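Structural overview for review
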Amino acid sequence: MRVLVLWTGMALLKQEKDNEALDDFTRAVESDSGKTEAGWILNRGLCHARLDNWKEAIKDYSTAISINPANPTALTNRGIIYQRRKMWETAIEDFSKAEAAADDSAGKGDALTHKAFCLLRLGKKKKALKAIDAACHTHNVQYACQYDGEDEIEKLDMNGAVGELPDEEEALEVNLR
């Protein structure tokens, strides 16, 4: 029964039927018929995040991390919520842990890219450039970016065929509007 509920939850999650998926993941997590897996709680956290239930999402991601402290997806997802809540330092901590825990280039690259956004928000442009450069190397691409002066990179071209790029200092161009 529990496995069927989980598969149904995954199908609903893919269809972006987040409320229904949340119900299924909650039933599976709260079932007393065996061990609860971090992935189930992680998926429930994703449903909460999509529904803007930030506190519940953080709680689920934190529980998934307590089950598996080296879970790069849970760390990155929780970091994204902290990033959206402008908790830059806390987000950077999660992204750094996710980067270290990820065993694939996509996981490392995602964590590094989000970390760069937070570093930019804190005014740490050189560290942000270093993180963007590392993210691009994990994906084997080149980059050029322009910072908007707020909390986002206005233009980030991570395309292997971008041609001649400016040096790193010129690649991060601050536009103070």
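Predicted model, so just to flag it, every value in this text is computed and none were measured.

A short note on the layout of surface pockets
- Size it by volume and the largest pocket reaches roughly 150 Å³.
- Glu-89, Ile-92, Leu-112, Lys-115, Leu-119, Lys-124, Lys-127, Lys-130, Ala-131 and Ala-134 together form the lining of the largest pocket.
- Per element, the largest residue contribution to the lining of the largest pocket is four residues, and it comes from helix H8 (residues 125–139).

Regarding the packing of helix H2 (residues 18–30) against helix H3 (residues 38–50)
- The interhelical angle for the contact between H2 and H3, taken along N-to-C directions, is 150 degrees, at an axis separation of 9 Å. Taken together, the axes of H2 and H3 are roughly antiparallel relative to one another. Of the two possible hands of crossing, H2 and H3 adopt the one that is left-handed. Counted together, Asp-18, Ala-21, Leu-22, Phe-25, Thr-26, Ala-28, Val-29 and Glu-30 of H2 and Trp-40, Ile-41, Asn-43, Arg-44, Cys-47, His-48 and Arg-50 of H3 form the full contact between these two elements.
- Here the contact of H2 with H3 is composed, by residue class, of eight nonpolar, three polar and four charged.

As for the nonpolar core
- In this structure, Ala-21, Phe-25, Cys-47, Tyr-61, Ala-64, Ile-81 and Cys-118 are the most contacted members of the largest nonpolar core, which totals 41 residues.
- Those elements that place two or more of their residues in this core are helix H1 (2–14), H2, H3, helix H4 (54–67), helix H5 (72–84), helix H6 (88–101), helix H7 (105–121) and H8.
- Among all residues touching Ile-81, those that are not within four sequence positions of it are Ala-49, Trp-54, Ala-57, Ile-58 and Tyr-61.

Describing the packing of H5 against H7
- Running from N to C, H5 and H7 cross one another at 20 degrees; their axes reach a closest spacing of 11 Å. The pairing of H5 with H7 is recorded here as roughly parallel in orientation. Judged by the sense of rotation from one axis to the other, the crossing of H5 with H7 is left-handed. Seen from H5, the contacting residues are Thr-76, Ile-80 and Gln-83; seen from H7, they are Ala-111, His-114, Phe-117 and Cys-118.
- Tallied by class, the residues present in the contact of H5 with H7 amount to four nonpolar, three polar and no charged.

A few points about the environment of Pro-72
- Note that Pro-72 resides in helix H5.
- It is 8.8 Å that separates the C-alpha atoms of Pro-72 and Asp-94, two residues lying 22 residues apart in sequence.
- Once residues lying within four places of it in the same chain are set aside, the contact partners of Pro-72 are Ala-98, Ala-101 and Ala-102.

What about the side chain of Arg-44?
- Inspection of the secondary structure assignment puts Arg-44 in helix H3.
- Here Arg-44 falls in the buried class, since its relative accessible area comes to 13%.
- A distance of 2.8 Å separates a polar atom in the side chain of Arg-44 from a polar atom in the side chain of Asp-60.

A look at the pattern of salt bridges
- Within the structure shown, the criterion is met by six salt bridges.
- Here Arg-50 ties to Asp-18 by a salt bridge, and the two come within 2.9 Å at their closest N and O atoms. Remark: Asp-18 occurs in helix H2 and Arg-50 occurs in helix H3; sequence separation between them is 32 residues.
- Residue Glu-89 pairs with Lys-124 through a salt bridge whose shortest N-O separation is 3.7 Å. Placement of the pair is Glu-89 in helix H6 and Lys-124 in the loop between H7 and H8, with a sequence separation of 35 residues.
- Overall, Lys-124 belongs to the partly exposed group, its relative accessible area being 30%.

Focus on unusual backbone geometry
- One non-glycine residue, Asp-52, lies in positive phi territory at about 60 degrees.
- If you check the backbone angles, Lys-86 has positive phi at about 65 degrees while not being a glycine.
- The topology assignment puts Lys-86 in the loop between H5 and H6.
- Given the relative accessible area of 52%, Lys-86 is considered exposed.

Rules used throughout
- Residues numbered from 1 in each chain as written.
- Predicted model: local features only at pLDDT ≥ 70, side-chain atom pairs only at ≥ 80, totals over all residues.
- Heavy atoms only, no water.
- 1 Å grid on protein atoms, 1.4 Å probe; cavity = no way out; pocket = protein on both sides within 12 Å on 5 of 7 lines; lining within 4 Å.
- Points joined across faces, edges and corners; volume = space filled by probe spheres on them.
- Helix = DSSP H or I, 4+ residues; strand = E, 2+ residues; numbered from the N terminus.
- Axes fitted to C-alpha atoms, helices over the stretch in contact; angles between N-to-C directions.
- Parallel < 35°, antiparallel > 145°, perpendicular 65-115°, else oblique.
- Left-handed = near helix turned anticlockwise from the far one by under 90°.
- Contact = heavy atoms within 4.5 Å.
- Nonpolar A, V, L, I, M, F, W, Y, C, P; charged D, E, K, R; others polar.
- Core = buried A, V, L, I, M, F, W, Y, C linked by side-chain atoms within 4.5 Å.
- Buried < 20%, exposed > 50% of the residue type's maximum accessible area, 1.4 Å probe, protein only.
- Polar contact = N/O pair within 3.5 Å; in protein donor to acceptor, adjacent residues only side chain to side chain.
- Salt bridge = Lys/Arg side-chain N within 4 Å of Asp/Glu carboxyl O.

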